[in-house]
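# Residue-level structural notes
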Amino acid sequence: MVTIEEALRIVKDQKISLKRESKSLGDALGYALATNTVSPFDVPEFDNSAMDGYALCGLCQEYQLVGEVAAGDSKDISLQDGEAVRIFTGAKVPQNTTAVMMQEKTSVKNGTLYLDEMSKIGQNIRKKGGQLTEGQAVFEKGHLLNPPSLALMGSLGLSELEVFSRPQVNIITTGNELVKPGEPKTEGQIYESNSYAICGALQQFGFQYHQKTQIKDDFEATKAGIKKALKSCNVLIVSGGISVGDYDFVKQSLEENGVNHLFYKVFQKPGKPLYFGRKENQFVFALPGNPASSLTCFYVYVLPLLQKLSGYGNVGLTTYQFPIKHGYENRFGRPSFLKAAVVDGKAEILDGQGSSMIQSMAKGNALAFVDHGEVLKEGDLVRCKLIS
Ligand code: AMP
Ligand code: MG
């Protein structure tokens with residue numbers, strides 16, 4: 001048995017080699033950059049107007065209007081003192097422009113522009129190089145490409161990005177009692193639901209699974225299922241069959257397939273019988289079958305590994321601290337990831353903390369971490385990972 005900290009350290013310290021690929025800008029969301037990026041030019045590349053209005057030369061109250069420049073125009077205008085041009089947002093400002101005055105603070109009569117107030121030097125001009133200068137570092141290797149990062153790469157004219165490949169994931173669910181939703185079931189059977197949670201959580205973070213297999217609680221079938229799944233993945237996620245019951249065959253089947261265990265059992269609730277192993281460059285998580293345990297272990301342990309294998313600089317869900325809405329004492333005898341709801345900046349520990357209870361997890365949006373024996377008073381800060 002390991003502690004939560006030891007388990008996370010083992011996951012995060014795995015020595016891995018990352019693969020690279022090229023992705024077009026439109027398909028690169030969620031990938032990590034495989035190279036450092038520098039700006040190929042100044043951004044903006046030319047002084048331009050931040051407003052629809054008038055580009056002015058000199059500090060006067062009235063100006064002679066001498067033309068117009070719209071966004072995208074490339075004409076080279078040079079202004080003399082006391083002259084102005086009509087200008088639009090994003091348009092290149094003429095040479096000798098002192099300031100741009102927004103149109104709402106102006107009036108025009110017979111070709112003369114009158115200002116309601118004096119302009120200030122440099123006002124409403126977005127300066128060349130104001131965001132980035134040529135050669136400036138933009139992103140480091142490992143930077144996660146979120147939507148604004150894609151916009152920035154696009155604005156630098158980069159259409160193909162060198163990124164780290166993401167891991168291929170296979171899923172196995174085990175259990176004689178499991179029936180696929182929508183199919184008929186008999187007494188004693190239940191609907192298989194963990195794979196939907198795992199696939200959903202994979203998708204939530206931009207990952208996809210390659211193969212999903214359902215296996216009966218039979219040693220040979222489990223061994224064969226694992227052997228087949230290991231042929232086509234970097235990460236195998238197994239659900240159920242990892243406890244100490246007479247029908248739990250996953251651990252032995254993994255061993256017989258050459259998987260070396262890195263840890264088995266974590267001092268935590270839920271998810272004590274969590275298993276993590278490795279076979280060369282392939283990783284296996286065997287998650288306990290109880291639905292809340294399995295999904296909690298995914299968020300806390302599987303996600304950081306998937307992100308590490310994707311080359312992310314930072315892995316795992318961020319821990320935030322929120323004041324707790326009510327007093328709470330952890331009497332579970334183990335450090336606990338509790339189903340919680342964070343609303344209006346306050347955390348509430350929800351009823352229904354059993355490992356099999358997925359309904360409280362479904363209604364909440366966070367996992368609150370409360371240490372073994374920890375007593376919290378209303379308003380004390382509680383550590384939370386937001387899961388939706
Ligand atoms: P196990 O870890 O296989 O002993 O399963 C623990 C509990 O989780 C049992 O009540 C199982 O019926 C349930 N369980 C296991 N796998 C699944 C699954 N894929 N979907 C829903 N419940 C499951
Ligand atoms: Mg089982």
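For the structure, check the block above.
Everything in this summary refers to the structure shown in the same document.

Conventions used here
Residues numbered from 1 in each chain as written. Chains lettered and ligands numbered in written order. Predicted model: local features only at pLDDT ≥ 70, side-chain atom pairs only at ≥ 80, totals over all residues. Heavy atoms only, no water. Helix = DSSP H or I, 4+ residues; strand = E, 2+ residues; numbered from the N terminus. Rg over C-alpha atoms; globule rule 2.2 N^0.38 Å. Buried < 20%, exposed > 50% of the residue type's maximum accessible area, 1.4 Å probe, protein only. Contact = heavy atoms within 4.5 Å. Lys, Arg positive; Asp, Glu negative; His and termini not counted. Charge placed at Lys NZ, Arg CZ, Asp CG, Glu CD. Patch = residues over 30% accessible without salt bridge, like charges linked within 9 Å, V, L, I, M, F, W, Y side chains within 5 Å. Areas by Shrake-Rupley, 256 points an atom, 1.4 Å probe, with all protein chains shown as cover. Salt bridge = Lys/Arg side-chain N within 4 Å of Asp/Glu carboxyl O. Pairing = 2+ DSSP bridges. Axes fitted to C-alpha atoms, helices over the stretch in contact; angles between N-to-C directions.

Along its length, the protein carries seven helices and 27 strands. Its C-alpha radius of gyration of 30 Å places the protein more than 25% over the 21 Å reference for a compact globule of 388 residues. Taking the principal axes of the C-alpha coordinates as reference, the protein spans close to 95 × 50 × 40 Å. Per-residue burial for the protein yields a buried fraction of 46% across its 388 residues. Put simply, of all contacts in the protein between residues at least 6 apart along the chain, 67% involve residues at least 24 apart. Computing the positive centroid from 41 side-chain charges and the negative centroid from 42, the protein places the two 6 Å apart.

Among the surface-exposed residues, Leu59, Met118 and Ile121 lie close enough to one another that they form a single nonpolar patch of about 310 Å² accessible area. Here methionine 118 lies in the loop between strand E9 (112–115) and strand E10 (125–126).

The next point concerns the sheet that holds strand E18 (residues 260–264). The strand order E16-E13-E17-E20-E19-E18 describes an open sheet built from six strands, whose pairing is mixed. Edge positions in the sheet fall to strand E16 (209–215) and E18, since each has one partner strand and no second. The average angle at which neighbouring strand axes cross in this sheet is 15°, direction not considered. Bridging between E18 and strand E19 (residues 275–279) involves four bridges; their strand directions are antiparallel.

With that out of the way, let us pick up the side chain of serine 149. Within the element layout of this structure, serine 149 appears in helix H2 (residues 147–155). Look at serine 149 and you get buried, because its relative accessible area is 3%. The contact partners of serine 149, leaving out residues within four places of it in the chain, are Phe139, His143 and Leu144.

Let us now look at the pattern of salt bridges. On inspection of all chains with the given rule, the structure shows 14 salt bridges. Note that lysine 127 is salt-bridged to aspartate 47, the shortest N-O span being 3.1 Å. Residue lysine 127 is found in the loop between E10 and strand E11 (137–139), and its partner aspartate 47 is found in the loop between strand E2 (37–38) and strand E3 (48–49); the two are separated by 80 residues along the sequence. Its salt-bridge partner being lysine 325, residue glutamate 348 comes within 3.8 Å of it at the nearest N-O pair. In this pair, glutamate 348 sits in strand E24 (residues 346–349) while lysine 325 sits in the loop between strand E21 (319–323) and strand E22 (328–329), placing the two residues 23 residues apart along the sequence. Taking relative accessible area as the criterion, glutamate 348 reaches 30% and is therefore assigned partly exposed. Look at lysine 325 and you get partly exposed, because its relative accessible area is 46%.

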